[in-house]
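Listed below are the residues making up each chain.
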Amino acid sequence: MLFNKGNTRTPFLSMIGGKTKYTNSVEFVLGQEYTSEEGSIPSISETASLTAPDATFITRSQNTNVTQIFMDSVAISYAKQSNMGTLSGANIEGQRANPMNELDFQVANKMQKLARSIEKTFIQGTYNKATSDATVNKTRGINEAITKNVIASGGKTLDIWLVNDLMQKIYDANGDVTRLVLWLNPVQLNQLNGSAVENGLTIVPATRNENGINVTKLIMPFGEVSVALGQYIPDGTAYLLNFDVISPVEQLVPGKGNFFLEPLAKTGAGEKYQLFGQIGLDYGNEAFHGKITGLSTEFTAPVGRKVVTVSTSTEDVGSV
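Residues numbered from 1 in each chain as written. Predicted model: local features only at pLDDT ≥ 70, side-chain atom pairs only at ≥ 80, totals over all residues. Heavy atoms only, no water.

## Structural notes on the overall build of the protein
No. 1: Scanning the protein from terminus to terminus reveals six helices and 16 strands.
No. 2: Sequence separation of at least 24 residues holds for 76% of the intrachain contacts in the protein that already meet a minimum separation of 6.
No. 3: Element-wise, carbon and sulfur atoms account for 50% of the exposed surface of the protein, whose accessible area totals about 18600 Å². (Helix = DSSP H or I, 4+ residues; strand = E, 2+ residues; numbered from the N terminus. Contact = heavy atoms within 4.5 Å. Areas by Shrake-Rupley, 256 points an atom, 1.4 Å probe, with all protein chains shown as cover.)

Laid out in structure tokens, this is it:
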């Protein structure tokens, strides 16, 4: 239920739901980072080749993240269970306003709440590794994870050239630019469309469906970029994400699984249950992603398309 296909209220979870990984440790490895030495043109004589060059070493660093606990409870009184036939509002003959099973209804809504909590955490979560049982593990979200490929826009609106510059940053960091998704909010989508109009480009309507999420396509110098609306994106921020390397990581409870429902001790005339799960975000190598910050949060529709005119005289090149 967490990764319900086509659940557009949690589009990030829907995009990564088919690639779940599992861990038996709160802390899990995202990968190792190292920097390869740059190539050079050698200049070695025959005499010099008789002596081997000094050895150099490549050092590696391990990147990790953690799972964190998500839980909620459901309570249903005996009175509620025995009063399912009562209707409120316009009591029309034959009306069945109540669900067939009150517990199923309540659990489904609690699971939707948990899914949206996880969605927000995977975007905005700030990292913390617990040092004792009394402190909290917090998984690092994608916003905090991206530190290298970052462009500070300085209040600009989102345009195709900002996206192109961010693609180049990812390319220069040896990231893959062939499967990127521009993850943005509605204001930024309008800004991007306005930029496309001004530059004589078109954002192609929805051309593919990924786990129930419709994505559009933008043709850029570095290749195609998919465009999709996200949730819980911080104001003034847009992302270029490679979902091929992003996965949820679940930590199972032996004999119970994850995000399971179990009854709690009775304290009165009703039944109480708890929902419990542990999950974290594996975003892979952060160099595969990028973000633009400080974007304008307003949109003004363009009045027309920019036309560049070139004069054969000594006058400057202008635009109208």
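## Thoughts on the pairing of strand E12 (residues 260–263)
No. 1: Side chains Phe260 and Glu262 of E12 all project onto a buried face; the interleaved residues Leu261 and Pro263 project onto a face where none is buried.
No. 2: Between the antiparallel neighbours E12 and strand E13 (residues 270–282) lie six residues. (Buried < 20%, exposed > 50% of the residue type's maximum accessible area, 1.4 Å probe, protein only. Pairing = 2+ DSSP bridges.)

## Digging into helix H6 (residues 186–198)
No. 1: For H6, spanning 13 residues, the distance from its first C-alpha to its last is 19 Å, which sits close to the expected 18 Å at 1.5 Å a residue.
No. 2: The complete set of buried residues in H6 reads Gln188, Gln191, Leu192, Gly194, Ser195 and Ala196.
No. 3: The backbone nitrogen of Val187 lies 3.1 Å from a side-chain oxygen of the residue at the head of H6, namely Asn185. (Expected span 1.5 Å × (residues − 1). Polar contact = N/O pair within 3.5 Å; in protein donor to acceptor, adjacent residues only side chain to side chain.)

## Quick word on the pattern of salt bridges
No. 1: Tallying each qualifying case throughout the model produces eight salt bridges.
No. 2: Note that Lys256 is salt-bridged to Glu262, the shortest N-O span being 3.0 Å.
No. 3: By relative accessible area, which is 46% here, Lys256 ends up partly exposed.
No. 4: When its relative accessible area of 19% is taken as the criterion, Glu262 is described as buried.
No. 5: Sharing partners across several salt bridges, the network here consists of Asp72, Lys110 and Lys113. (Salt bridge = Lys/Arg side-chain N within 4 Å of Asp/Glu carboxyl O.)

## Considering helix H3 (residues 102–124)
No. 1: The end-to-end C-alpha distance of H3 is 33 Å, a good match for the 33 Å that 23 residues give at a rise of 1.5 Å each.
No. 2: The complete set of buried residues in H3 reads Glu102, Val107, Met111, Leu114, Ala115, Ile118, Glu119, Thr121, Phe122 and Ile123.

## Thoughts on the pairing of E13
No. 1: Taking burial as the measure, the 13 residues of E13 include eleven buried ones, the bulk of the element.
No. 2: Of the strand pairs in this sheet, strand E4 (residues 68–77) and E13 are connected by ten bridges, and their pairing is antiparallel. For Ile76, the partnering residue across the bridge sits in E13 and is Glu271.
No. 3: Here strand E11 (residues 247–251) runs beside E13; their pairing, made up of four bridges, is antiparallel. Bridging from a neighbouring strand, Pro248 pairs with Leu281 of E13.

## Describing the packing of aromatic side chains
No. 1: Counted according to the given criterion, the structure contains six aromatic pairs.
No. 2: Both rings, one in Phe12 and one in Phe122, keep their centres 6.4 Å apart while their planes meet at 70°; by these two values the pair is edge-to-face. In this pair, Phe12 sits in helix H1 (residues 11–16) while Phe122 sits in helix H3, placing the two residues 110 residues apart along the sequence. For the residue pair Phe12 and Phe122, the accessibility class agrees, reading buried in each case.
No. 3: Judged by centre distance (5.9 Å) and plane angle (45°), the ring pair of Phe260 and Phe276 falls under tilted. Of this pair, Phe260 sits in strand E12 while Phe276 sits in strand E13, placing them 16 residues apart in sequence.
No. 4: In textbook terms, an aromatic cluster arises when at least three aromatic residues are bridged by ring pairs, as seen for Phe12, Phe122, Trp183 and Phe243. (Phe/Tyr/Trp six-rings, centres within 6.5 Å; stacked < 30°, edge-to-face > 60°.)

## Quick look at the environment of Val150
No. 1: Tracing the backbone shows Val150 in strand E5 (residues 150–152).
No. 2: Taking C-alpha positions, Val150 is 9.3 Å from Tyr239, a pair spaced 89 residues apart along the chain.

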